Every structure is written in structure tokens, then in C-alpha cells.
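# Remarks on the overall topology
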2 protein chains.
Amino acid sequence: MPTNHQGAQSLRFKGPITITETAAIAGPKEGQGPLKSDFDRIHDDILAGADSWEKAESEYLKEAIGLVLTKTKKQADEIDFIFAGDLLNQCTGSSYGAISFNRPFFGIFGACSTFGEGLGLGSALIDGGFATSVIAAASSHFCSAEKQFRFPLELGTQRPPTASWTVTGCGAALLSEGGNGPYVTGMTVGKMVDLGIKDAGNMGAAMAPSAADSLMNHFNDFGRAPEYYDLIITGDLGFVGMSLLKDLLKREGVTLGNNYNDCGAMIFSPKTQDTHAGGSGCGCSAITFSGHIMKRLRAGEIKKVLLCPTGALFSPTSSQQGQSIPGICHCVAVETEREGN
Amino acid sequence: MPTNHQGAQSLRFKGPITITETAAIAGPKEGQGPLKSDFDRIHDDILAGADSWEKAESEYLKEAIGLVLTKTKKQADEIDFIFAGDLLNQCTGSSYGAISFNRPFFGIFGACSTFGEGLGLGSALIDGGFATSVIAAASSHFCSAEKQFRFPLELGTQRPPTASWTVTGCGAALLSEGGNGPYVTGMTVGKMVDLGIKDAGNMGAAMAPSAADSLMNHFNDFGRAPEYYDLIITGDLGFVGMSLLKDLLKREGVTLGNNYNDCGAMIFSPKTQDTHAGGSGCGCSAITFSGHIMKRLRAGEIKKVLLCPTGALFSPTSSQQGQSIPGICHCVAVETEREGN
């Protein structure tokens, strides 16, 4: 086996690969939620000054990458590569958002797992000696997503209790060779899992099986138990998917305890912001990680995090044609200390 | 600078990374064109037995990956990772096409540059010691693309002379650590370039500036002139874009000679198959490379190829909202001998 391939489907980064800085740009509703004090910027205007929801999403992405550069006092041309993706058709949130930085660009699509895919591939390029500085970013926008995946917003269609609320926001992270952490130490690359869910109003159920699969593989590949981590956090399973994930893992003899949470369950308040099953979208795990989790890692409150963004790889067309919804989940290990150091 | 970062925006693979095998699955029109004898399988039925164009596209992808496995006598679980992408909304051609192989999956989106992105990222994972076997695949389908990007096929809308014809087909390549070549030796990662073209019926003009940018950077990064290669082949600029690319490079003092061609210009016969500007789509460079070019490399007719798939990172929505069309081009060097060996 090659040196840095770990177990069945994981990458081990010899590193050190540091998450030097992150930026979390949030929309108005996210900015009234429980994590509001952790975001770098909160837009009162969901359009962020743009004249369409799609252009607004690009604006959020542009701001997030721009803020990472500002915080690190870097010029764009010091960044070797940008990885970015989103939910819009042909990933235009990312292309129009990132073009002004004029950097070599890898477009990625993992639906709401995109931020994990970008962190992992970016880390692999650095670890392989191909880059010193890589930015990974992912965005989503409630209005552009609802319009595209479900119903015209103007209809005011009632949402089922299993539905989640697409997060408006963008998270971006600068990955660097060397540095003092937090470090990206490994990634378990997800397989697509499809247990036959066809309800586009129940993403949690569609994605939970892939999260269970990736987590089991992660624990096996690295010889770890859930207790290894201070926090295991899925992307956007929401309350419905979280409960299903726990059940699925229990059948495999693995119990997720109090160190388990979900970005979709954390980002909105079930009491004061009724979003039904919770938050979702590429931006959900991206801003929860880039804002909230990075702050806790930096403060030393938590030291070992397994970030597991989850995605549903379907489209409105595939749903209309009767196809079920495959899920995917990439697990990215972020730790303030490196094993053996 | 890190070891394997070459020049401004390129990856150098110490390798050896071999393209062990490829498969090219073509649609009916492609199967009547000049490259017909180079494809592994030609479908008489553009639906490939499926009941929708989108499902047919997934079927082409499934067949291409399956055939690579059959040819190499490999089981799916011997493949470490699959990289795949396509033009469909949310890249469903790839997800539904690749799911049955049950492998760790990276979804990528580079529009028609996707095959180059997959070859490059797959090679980087192998070169970084993260994998021994990676499959890269990209597909497109004339009917699913026309329906999504332009007009309902049933309308029989007249196409402008600058329009290209989306290729129906899928190409897949198995990249392996070691082996006897042809080798992937380097990649120049493209930047997005947008010179203001807004006409979705003129992709060649939208993408030519990015091809010029990536080629100039490739020559600079590796210290090579166009003559270094036996064949420099862009993805799907077509006749309009080829001519623009030559002009743009001439302004920089670089002349592309008889060793330059374009997959979109080669795949259909201008005399007997009027496709106006030529072929396009992710499948265009994917099946031209996986079928035609690999055969010529294997036969020793050509030894050094620079494959430069080109993509237009727009969507129907971005066009409707008045945005211009950014292009991107990734250059992948494939050589039967490795420098210094």
C-alpha cells in the first residue's frame, strides 16, 4: 500500500498542514441563531447588495475568501490553488465568486459535503508537495437553493417537518504547509450510499446511511473509537438524520455519545427559529466550522474534531425522474496536536 | 517552493504514474465520425437502453468505468478512488453512473475541462502516496445538454454557425502507480478567464482566452516551447475557438503549428456531419483522448501529448441574469517516456 493511504478509504497527512485562518460570512437568519457571535460577518441583507440570489451567493463566497486573505495579510497571488463548490447548477456560486482572485481553480461538487472534500483535497496537494497555500471554500443560499430544488419562494409552500433550512453563508479556510495548527491530520473519503429514500424533503434520512458508512470506515481505518474525538460533527443531517445515524451506528455496535453533534442542529434555534429539521446546505458545515468550531479549537476548549460534511447527490431532474437520493459523507480530522509530536 | 509545485501554477509528478487503460463509449453520431474506429463501444441508441437522456448519460459513465475494470481484469474494490464529473445540474450523470462501483468518490466540476481536472487530481493523489489506483471519468450527452443549456430539442431551434455539438459519450482512465506508461508527467491548473463573451452559442470564443492563458503558463512553468509536444490538443474550442486561440498566442509571440489540434474539431466530419463549430462537452476530450489519442500513444505514433480540456463555467441562470461566461483550461502532459529516464 502507498505510504499515506490509510486503511480502506482514508488519507493520512504526514503534515504538518495547518488551518491558518478561516472566515465565516453568514446571512440574516444565521446571524440571529445560536452561533451568531462566532461569525466574522453577518449580512442584514440576504441579497448582500446583489440583484439576484445567485449573484448574492457568489458575493458571500468572494467575501469569505477575501476576508481570509485580509486576516492573513496575504495577497491573492500567494495562494497556490482554490478549491470551491456549491449547490447551484454548474456551481456558478463558486466560479463567479472566485474569479476575481485570478488563481488556479479546482471546481468540486459534493453537494453539502463540498467543504470536507475541499479541505481534504487541498490538504493532499500540500502534503504531496504540490502547494504551500490552498484555500477551500463552500457556499449555499436559502433562496437560490429553494428556488432551484423545491418551489418558488413566492408560493409560500408549506414545508414538511422533515425538511431542513438551507443556510445562507460561505465558509473559507486557508490551509498552509507547516504552522502551529489546528492541523488537518486525515480524511476518510466517502462512498455514495443510497438506501432508496426518494423524498427531497427529507435530506437527513437520505444522507444518514452515508454518514454511518464513512464514520465506521473512519474508525476502522484509523483504529479509533468515537471517544478519540472531543467533537464528532456531521454536516447537515439535522434532527431527523442525527437520530437515524445514531440508530444505524448502534446496529454496528458503535455508540455516539455527548461528543456527537450536527452543524444543522446547532446553527438555528429550534425554540425561536423554527426550521423544522435544522439547517442544511454546503454553507452549513462551512460556516459552523469556519466560525464556531475553529474558535473553540483555538481557545483550547476542544482539541480533536472529526468534521463530517454530508451531501445528497441528487438533482430536481433526478427526483422528477423517480430516482432515489444517494448520500455521501467525507470525514476530516482536525486536531490541535499531531500524533507522536 | 514545495518540491512538486512547478513554476507559477503547475504540478510536476515525480511518478511514474501510468495511464494503465482507458475506455471510450460513444454515441451514434460520434460513432459515424472520423474517430469511429478508435472507440471501444458505439451505441446505436442515444438512450443506451435507458428511459431518459440523463439516465442514459449515467449509463455511458457506468459502461466506461466498467470497461476499464474489465480490460484490466480488476475488481472495483481494487480502485482506491474515483474522480468524475459532467455537465448535468448537480453532476448527476456521474453520481448515478458511479454509485454501483461502491468506491470512495470525489465529485468534480470543471464543465468541459473536467476530464483534465480528474486526470490531474488523480495523479496528484497517487504521486502524494495516497493511492495506487485511481479512475478519472467525464461524460456528456447531446440531448441532456441541449435541453438543459439551450432549447427543448423538440423545437428544432436553428443553431448559429458558432454553436458546437455536445458529444454523447464518456471516457474513463485508470491511473496507476508505476507501470510502463504512457505517463502523466505534469499538470498546469487553469485560472478562470472572462473576456466578456455572453453568447452561450459561442463557447469557443468564451473558452479560447483561458486556453491561451493556461498554455502560456504551461510553457513558462515547464520551460517548454510548443514544439516540445508531438500533439497539443485543446478540449472543445471547435473551429471558431481554435482560430481565436492561435491569434491570442501569436500576440504573445507563440505560434501553434501543425502539432496543434482540437478534440472538437476532430470528432465530427465538417463535410458529412455538419455540426457548425465542432464538438463540445466533457465527453468530447474524454473520448477523443481515451479512444483516439491513447491508441496513437500506444502505437508509438506520438510520444508527447499536451491534453488541454477547456470548460465554460456558466449556467443557463447566469446567462439569463446577464453574466458573461468565464472559461477555464487545465493542461495535462502525457508522455511515453519520462524526462531523465
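Predicted, not measured: the structure shown is a model, and the values here were computed from it.

### With respect to the overall build of chain A
When helices and strands are counted, chain A shows 9 helices and 17 strands. In terms of overall size, chain A behaves like a compact globule, its C-alpha atoms giving a radius of gyration of 18 Å where 341 residues would be expected to give roughly 20 Å. Considering only C-alpha atoms, chain A reaches an extent of 55 × 50 × 35 Å along its principal axes. Expressed as a percentage of the 341 residues in chain A, the buried residues total 69%. Pairs at least 24 apart in sequence give 79% of the contacts found in chain A among residues at least 6 apart. Surface summary for chain A: the accessible area is close to 10900 Å², and the carbon and sulfur share equals 48%. Here chain A carries 27 positive and 35 negative side-chain charges, and the mean point of each set is 3 Å from the other.

### What to know about the interface of chain A and chain B
Between chain A and chain B, the contact holds 68 residues from the first and 68 residues from the second. For the chain A face of the interface with chain B, the top three residues by lost area are A:Q90, A:Y96 and A:F130, together amounting to 16%. On inspection of chain A and its partner chain B, the count reaches 0 salt bridges. Taken together, the elements giving at least two residues each to the side of chain A that touches chain B come down to β2 (10–12), α1 (53–71), β5 (81–86), α2 (92–98), β6 (105–107), α3 (114–127), α4 (142–149) and α9 (316–320) of chain A.

### Considerations on the packing of aromatic side chains
Each aromatic ring pair is summarised here by two numbers: the centre-to-centre distance and the angle between the ring planes. Summed over the entire model, instances satisfying the criterion amount to 14 aromatic pairs over all chains. Aromatic ring contacts, followed pair by pair, group A:F81, A:F83 and A:F106 into a single cluster. Its end group placed over the ring of B:W165, B:K29 keeps NZ or CZ at 4.2 Å from the ring centre.

### Focus: the side chain of B:S123
Summarising the element assignment, B:S123 is placed in helix α3 (residues 114–127). In this view, B:S123 contacts B:F13, B:I17, B:L175 and B:V184; residues no more than four positions away in its chain are not counted.

### Structural notes on the relation of the copies chain A and chain B
Structural alignment of chain A on chain B gives an RMSD of 0.0 Å, achieved by rotating through 180° and translating 0.0 Å along the axis. Overall, the copies show the geometry of a two-fold rotation axis. Here 100% of the contact residues of chain A are again contact residues in chain B; the copies associate through an equivalent surface.

### Notes on helix α5 (residues 203–222) of chain B
All names here are of chain B. For α5, with 20 residues, the first-to-last C-alpha span of 28 Å sits near the 28 Å given by 1.5 Å per residue. Counting buried positions along α5 gives 18 out of 20 residues, so the element sits mostly inside the fold. In the stretch just after α5, G223 is the one whose phi turns positive, near 60°.

### Considerations on the confidence of the model for chain A
Averaged over all residues, the pLDDT of chain A is 97; the fraction at 70 or higher stands at 99%. Scored as a complex, the prediction yields pTM 0.98 and ipTM 0.98.

### Details of the environment of A:K62
Residue and element names in this part refer to chain A. Structurally, the position occupied by K62 is in helix α1. Residues K62 and L153, spaced 91 residues apart in sequence, show a C-alpha to C-alpha distance of 25 Å. Excluding anything up to four places from it in sequence, K62 contacts G97, S100 and F101.

### Some words on the pattern of salt bridges
Residue and element names in this part refer to chain A. Going through the model one piece at a time under the given rule, you end up with 28 salt bridges over all chains. When the shortest N-O distance is used, the salt bridge between K147 and E54 registers 2.8 Å. Here K147, found in helix α4, pairs with E54, found in helix α1; they are 93 residues apart in sequence, far enough to count as distant. By relative accessible area, K147 is classed as partly exposed at 38%. Of the residues examined, E54 reaches a relative accessible area of 9% and is grouped as buried. Among the ionic pairs, D213 bridges to K191, the shortest N-O distance being 3.8 Å. You can see D213 sitting in helix α5 (residues 203–222) and its partner K191 sitting in the loop between β10 (183–188) and α5, a full 22 residues away along the chain. Salt bridges linked by common partners bring E21, D40, K71 and R298 together as one network.

### Structural notes on the side chain of B:Q323
Summarising the element assignment, B:Q323 is placed in the loop between α9 (316–320) and β16 (327–329). In contact with B:Q323, not counting residues within four places along its chain, are A:K55, A:Y96, B:K198 and B:S318.

### Description of the environment of B:G196
Its location among the elements puts B:G196 in the loop between β10 (183–188) and α5. A relative accessible area of 40% means that B:G196 is categorised as partly exposed.

### A closer look at unusual backbone geometry
Put simply, A:G15 and A:P16 share a cis peptide bond, and its omega is -5°. Tracing the backbone through its elements, the reader meets A:P16 in the loop between β2 and β3 (17–26). Despite not being glycine, A:C91 shows a phi value in the positive range, around 50°. Tracing the backbone shows A:C91 in the loop between β5 and α2. Although it is not a glycine, B:A111 sits at a positive phi angle of roughly 50°. Of note, B:A111 is situated in the loop between β6 (105–107) and α3. Residue class for B:A111 comes out buried when judged on its relative accessible area of 0%.

### A closer look at the pairing of strand β9 (residues 169–177) of chain B
All names here are of chain B. The buried count for β9 comes to 8 of 9 residues, which makes it a mostly enclosed element. In this sheet, β9 lies alongside strand β3 (residues 17–26) in antiparallel orientation, the contact comprising 9 bridges. Residue pairing in the sheet places I17 in a bridge with E177 of β9. Across 8 bridges, strand β7 (residues 133–140) lies against β9 in antiparallel orientation. In the sheet register, S139 faces β9, and the bridge partner there is C170.

### Quick look at the packing of α1(A) against α4(A)
Residues and elements named next belong to chain A. Where α1 contacts α4, the two axes come as close as 8 Å, and the packing angle between them is 135°. What the angle tells us is that α1 and α4 run oblique. Judged by the twist between their axes, the crossing of α1 over α4 is left-handed. Touching W53, E54 and E57 of α1 are C143, S144 and K147, all from α4.

Parameters and conventions
- Residues numbered from 1 in each chain as written.
- Chains lettered and ligands numbered in written order.
- Predicted model: local features only at pLDDT ≥ 70, side-chain atom pairs only at ≥ 80, totals over all residues.
- Heavy atoms only, no water.
- Helix = DSSP H or I, 4+ residues; strand = E, 2+ residues; numbered from the N terminus.
- Rg over C-alpha atoms; globule rule 2.2 N^0.38 Å.
- Buried < 20%, exposed > 50% of the residue type's maximum accessible area, 1.4 Å probe, protein only.
- Contact = heavy atoms within 4.5 Å.
- Areas by Shrake-Rupley, 256 points an atom, 1.4 Å probe, with all protein chains shown as cover.
- Lys, Arg positive; Asp, Glu negative; His and termini not counted.
- Charge placed at Lys NZ, Arg CZ, Asp CG, Glu CD.
- Buried area = accessible area lost by both parts, 1.4 Å probe.
- Salt bridge = Lys/Arg side-chain N within 4 Å of Asp/Glu carboxyl O.
- Phe/Tyr/Trp six-rings, centres within 6.5 Å; stacked < 30°, edge-to-face > 60°.
- Lys NZ or Arg CZ within 6 Å of the ring centre and 35° of its normal.
- Least-squares fit on C-alpha atoms with pLDDT ≥ 70 in both.
- Expected span 1.5 Å × (residues − 1).
- pLDDT = per-residue confidence, 0-100.
- Pairing = 2+ DSSP bridges.
- Axes fitted to C-alpha atoms, helices over the stretch in contact; angles between N-to-C directions.
- Parallel < 35°, antiparallel > 145°, perpendicular 65-115°, else oblique.
- Left-handed = near helix turned anticlockwise from the far one by under 90°.

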